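Observations on chain architecture
Chain by chain, the residues:
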Amino acid sequence: MTNAAATGTERTGIQIVSEDDVVRVEELRLSFYTSLGVVRALNGVSFNIPRGKVLGVVGESGCGKSQTGLAIMQLSFGRIEGGRILFREFNTSEVIDITKLEKNGPEMRRIRGNHISMIFQEPMTSLNPCYTVGHQIEEAILLHQTQDKTEARRRTVDILRKVGMPNPERIADSYPHQLSGGMRQRAMIAMALSCTPTLLIADEPTTALDVTTEAQILDLMRDLQHEIGTSIMFITHNMGVVAQMCDEVAVMYLGRIIERAAVDDMFYDPKHPYTISLLRSIPRLGVARGQKLESIKGSVPDPYSTVPGCPFHPRCPAAIPGLCDTVMPEEIFVAGSQTHTVRCHLYT
Amino acid sequence: MDTAKKNGKSDEILLEVRGLKKHFPIHSGFLRRVSGYVKAVDGIDFYIKKGETLGLVGESGCGKSTTGRTILRLLDPTAGEIIFDDPNIGKVDLAQLSRAQLKRVRPNMQIIFQDPFSSLNPRLTVGQIVGEPLEIQKVASGQALRDRVAELLQEVGIRPENMTRYPHAFSGGQRQRIGIARALALNPKLIVCDEPVSALDVSIQAQVLNLLEDLQEKYDLTYLFVAHDLSVVEHISDRVAVMYVGYIVEMASTEDLYYHPKHPYTEALLAAIPKPDPRKRTRPIKLPGDVPSPANPPSGCYFHPRCRYAEDICKVERPPLRDIGGEHWVACHFAEQLQLQGITRLNEIPLIELPKRQSPIPAASPAS
């Protein structure tokens, strides 16, 4: 549909350098060295998250979306082999390259949990069963914010109230097993937000929850995000959650971002064949009942192998022989847009 | 709109469940005395017609999986009748059958499990897994068995050469296909699909759903489709039943249930679906509190503490599941009066023709 010669299409790498960015990841590469071979989890991931925005990162399992989040926190077991993660705190102009910091060094520990915090998928396993919920939230506050124990306790109860806990004093003295899944996830969110982080990484925060609880947690996150102004990196595989929650979306496939756009463009004007297929393969309420879903042929290739050219070409319905299977497409702007980028030969 | 799907459906009832209960005892104290019961399934009634798909939805712990397993007698029911129309024996009450009698009915009812990793024995090859039901029922042996297994694998899209491999060599989607082949082995009439796609990735989920639909058409199968993903259920089901704390609160055709719900819980459930459309952002209906424990359910209507339309009668009297016309069953005292909000239809993803380039352009040099 677009012509290669269309105006506004640039072949430059993405260079959105903005004062407003909270974090900017550039060409991040991360690998795992295992006895079976090398798994290249991230193959040059670049993106930025503007202040106060929610960036959704979507993709199928094994595409590297969680590893991207963990790499920003320096919690990944993989080896960072290249690229930079630039991070700027609230109200400072100083930019820190996280990849240069030592994993357990004082600088990283100051940032982790304080300026960048994370919510994990499993609310059952990510809270320590031996300590009360209140104790675990206080721990973060005492470490990063204040030395005063009564003050920390007051803030803990405050934040628990803010996340909609019915009886925050009692909840603070409860152990994780005494709470339901939804309550535990609220406690996790309270813990993550206790130090008012600049960036919150939410890794599938609602996947383990029921649909009514999920809706309430999303509603809560939206409210808190407006109130505190935290930027959120929202990792999920659920397109519905993305549409409801995010301002911008990045679609990942095999360790690369293959398309990035504002949420409306992503759902109403998707460009990459993978994004289009993904959107068409989910059942949509009230649309085409009784008809076949469009499915993507084949499955994600084995992580130890490397695919030459575009990683999606073996499954792509529009692959160009001789080009897609040999040359890796560059990330380019979609014609006539300043925000919509795609990595596909169809648009070059 | 879905006349194509309705074809081949009859009004004959394949399975009818009446007053089915499954209570699990809670043991406590030194002597492990029974101190109470978890009422996982607490008196449910429903029926499935031949050739249709009945979706069974609800939140975790509402008893939907227990229902599926109790119907197949993988769990023994506490009370109630499960009347199955067996093609050879005729109508039988599965709840009353002995083990030997059950074995004769079993070929006609099978199950597909949720977790493709734990539902296949890692010590058996794929050929042995799919062939096991045939051996147990002494349907085939030797070369005939191998041929049948190869045919079944082909049917679900797995190359028959893979018969000698073990489950660990396959991806989640492929394993789920093997599970489906095993369920198909004895030409069943009824298949209970217990969350068959919830452990799969989106693109694989679509493949498996399409496969289930193809097989249904080809072999005239009847599905009880247990799931928590309401979008998937809407896509695949002809009728849907909604469960809440061991009880069916609403059962109707998919169209009626999704667009004209009559039970407040259904309304809240539908409002909570995250809709894949950024132009339709919805706020969920606030449900105060948590789902009650099936060991200690509230009085009257189980939903009344969370229901925004609850009145005094709801606290004392449990509403029965009743037909309010047009096979729309609801368990609510005020089903006729309430004006509830269904879902709104979503826009279709705009069909973008993928540009097909005929002549490959000469290898473009990647920009530096």
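Calculation rules
Residues numbered from 1 in each chain as written. Chains lettered and ligands numbered in written order. Predicted model: local features only at pLDDT ≥ 70, side-chain atom pairs only at ≥ 80, totals over all residues. Helix = DSSP H or I, 4+ residues; strand = E, 2+ residues; numbered from the N terminus. Rg over C-alpha atoms; globule rule 2.2 N^0.38 Å. Buried ≥ 20, exposed ≤ 12 C-beta atoms within 10 Å, placed from the backbone. Contact = placed C-beta atoms within 7 Å. Expected span 1.5 Å × (residues − 1). Pairing = 2+ DSSP bridges. Axes fitted to C-alpha atoms, helices over the stretch in contact; angles between N-to-C directions. Core = buried A, V, L, I, M, F, W, Y, C linked by C-beta atoms within 7 Å. Parallel < 35°, antiparallel > 145°, perpendicular 65-115°, else oblique. Left-handed = near helix turned anticlockwise from the far one by under 90°. Nonpolar A, V, L, I, M, F, W, Y, C, P; charged D, E, K, R; others polar. pLDDT = per-residue confidence, 0-100.

**Describing the overall build of chain A**
- On a plain count of helices and strands, chain A comes out with 10 helices and 12 strands.
- Relative to a compact globule of 348 residues, whose C-alpha radius of gyration would be 20 Å, chain A shows 21 Å and is just as compact.
- Counting all 348 residues of chain A, 51% fall into the buried class.
- A sequence separation of at least 24 residues applies to 64% of the contacts in chain A between residues at least 6 apart.

**Structural notes on the overall build of chain B**
- Helix and strand counts for chain B stand at 11 helices and 12 strands.
- On the principal axes, the C-alpha backbone points of chain B span a range of 75 × 65 × 50 Å.
- Residue burial in chain B is summarised as follows: out of 368 residues, 43% are buried.
- Sequence separation of 24 or more characterises 65% of the internal contacts of chain B that already satisfy a separation of 6 or more.

**Let's talk about the interface of chain A and chain B**
- On the chain B side, the residues contacting the 57 residues of chain A number 56 residues.
- Of all elements in the fold, only helix 7 (211–228), helix 8 (239–245), helix 9 (263–268) and helix 10 (273–280) of chain A reach the threshold of two or more residues within the side of chain A that touches chain B.

**Comments concerning helix 6 (residues 172–184) of chain B**
Residues and elements named next belong to chain B.
- In this model helix 6 runs 19 Å from its N-terminal to its C-terminal C-alpha over 13 residues, within 8% of the 18 Å that 1.5 Å per residue would give.
- Where burial is concerned, most of helix 6 is hidden: 11 out of the 13 residues are buried.
- Gly173, Arg175, Gln176, Arg177, Ile178, Gly179, Ile180, Ala181, Arg182, Ala183 and Leu184 are the residues of helix 6 that are buried.
- The secondary structure elements touched by the buried residues of helix 6 are strand 6 (109–112), helix 4 (126–136), helix 5 (142–155), strand 7 (190–194) and helix 7 (202–219).

**Re the sheet that holds strand 5 (residues 95–97) of chain A**
Residues and elements named next belong to chain A.
- The four strands lie next to each other as 2-1-4-5, forming an open sheet whose pairing is antiparallel. Two strands bound the open sheet, and with one partner strand each, they are strand 2 (37–50) and strand 5. On average, each strand axis in the sheet is inclined to that of its neighbour by 10 degrees, with strand direction left out of account.
- By the bridge criterion, three bridges tie strand 4 (residues 79–88) to strand 5 in an arrangement that is antiparallel. Within strand 5, the position partnered with Arg88 by the bridge is Val95.

**Notes on the pairing of strand 4 of chain A**
Residues and elements named next belong to chain A.
- Summarising the sheet, strand 1 (residues 21–34) and strand 4 pair through seven bridges and their orientation is antiparallel. Across the sheet, the residue bridging to Glu26 is Arg84, located in strand 4.
- The antiparallel pairing of strand 4 with strand 5 creates a hairpin that spans six residues between the two strands, and Asn91 there sits at a positive phi of about 55 degrees.

**Let's talk about the nonpolar core**
- Membership of the largest hydrophobic core comes to 188 residues, with the highest contact counts inside it found for Phe234 of chain A together with Leu224, Phe225, Val242, Tyr244 and Ile248 of chain B.
- For this core, the element with the most residues is helix 6 (residues 181–193) of chain A, which contributes eight residues.
- With residues near it in sequence (within four places) discarded, Phe234 of chain A still touches Val54, Leu55, Gly56, Val57, Ala202, Met245 and Cys246 of chain A.
- Judged by nonpolar contacts, the second largest core, of six residues, contains Ile332, Val334, Cys344 and Leu346 of chain A.

**Notes on unusual backbone geometry**
All names here are of chain A.
- The phi torsion at Leu254 lies on the positive side, around 45 degrees, for a residue other than glycine.
- The topology assignment puts Leu254 in the loop between strand 9 (248–253) and strand 10 (256–262).
- Given 23 C-beta atoms within a 10 Å radius, Leu254 is considered buried.

**Here we look at the environment of Tyr268 of chain A**
Residues and elements named next belong to chain A.
- Along the chain, the position of Tyr268 falls in helix 9.
- With 16 C-beta atoms packed within 10 Å, Tyr268 lands in the partly exposed category.
- The spatial distance from the C-alpha of Tyr268 to the C-alpha of Leu160 is 38 Å, given a sequence separation of 108 residues.

**Considering the packing of helix 6 of chain B against helix 7 of chain B**
Residue and element names in this part refer to chain B.
- In contact at an axis separation of 10 Å, helix 6 and helix 7 are set at 15 degrees when each is read in the N-to-C sense. Here helix 6 is positioned roughly parallel relative to helix 7, judged by the angle of their axes. Pair helix 6 / helix 7 crosses with right-handed handedness. In this structure, helix 6 contributes Gly172, Gly173, Gln176, Arg177, Ile180 and Leu184 to the contact, and helix 7 contributes Ile204, Gln207, Val208, Leu211 and Leu215.
- The residue makeup of the contact of helix 6 with helix 7, split by class, is six nonpolar, four polar and one charged.

**Notes on the sheet that holds strand 3 (residues 53–57) of chain B**
All names here are of chain B.
- If you walk across this open sheet you meet the eight strands as 6-7-8-3-9-10-12-11, and the pairing is mixed. At either end of the open sheet lies a strand with only one pairing partner, and these are strand 6 and strand 11 (322–323).
- Where strand 7 meets strand 8 (residues 222–226), five bridges bridge the pair, whose relative direction is parallel. When the sheet's bridge partners are listed, Leu190 is paired in strand 8 with Thr222.
- Those strands touched by helix 10 (residues 264–272) are strand 9 (239–244) and strand 10 (247–253), and its axis lies near 105 degrees from that of strand 9.

**So, the confidence of the model for chain B**
Residues and elements named next belong to chain B.
- Summarising the model, chain B shows a mean pLDDT of 87, and 91% of its residues fall at 70 or more.
- Here residues 1–7 is a poorly scored stretch, pLDDT under 50, and it has six contacts once near neighbours within four places are set aside; other chains count.
- The complex prediction reports pTM at 0.86, with the ipTM value standing at 0.82.

**Regarding the pairing of strand 6 (residues 116–119) of chain A**
All names here are of chain A.
- Side chains of strand 6 alternate between two faces, with Ile116 and Met118 and Ser117 and Ile119 buried alike.
- The pairing of strand 6 with strand 7 (residues 199–203) spans four bridges and is classified as parallel. Paired with Ile116 across the strands is Leu199, a residue of strand 7.

**A word on the packing of helix 4 of chain B against helix 5 of chain B**
Residues and elements named next belong to chain B.
- Running from N to C, helix 4 and helix 5 cross one another at 115 degrees; their axes reach a closest spacing of 9 Å. Taken together, the axes of helix 4 and helix 5 lie roughly perpendicular to each other. The handedness of the crossing between helix 4 and helix 5 comes out as right-handed. Residues Gly127, Val130, Gly131 and Leu134 of helix 4 pack against Leu145, Arg148, Val149, Leu152 and Leu153 of helix 5.
- Here the contact of helix 4 with helix 5 is built from residues that sort into six nonpolar, two polar and one charged.

**Focus: helix 4 of chain B**
Residues and elements named next belong to chain B.
- Along helix 4, the positions that sit buried rather than exposed are Val126, Ile129, Val130, Gly131 and Leu134.
- In this structure, the buried residues of helix 4 make contact with helix 5 and helix 6.
- Phi turns positive, to about 50 degrees, at Lys138, one or two residues after helix 4.

**Some words on the environment of Ser46 of chain A**
Residues and elements named next belong to chain A.
- Summarising the element assignment, Ser46 is placed in strand 2.
- Residue classification places Ser46 among the buried residues on the basis of 21 C-beta atoms within 10 Å.
- Separated by 175 residues in the primary sequence, Ser46 and Met221 place their C-alpha atoms 25 Å from one another.

**What about the confidence of the model for chain A?**
- Taken residue by residue, chain A gives an average pLDDT of 86. The fraction at 70 or more is 94%.
- Between residues 1–17 of chain A, whose pLDDT stays under 50, and residues either more than four places distant or in other chains, the model counts 22 contacts.

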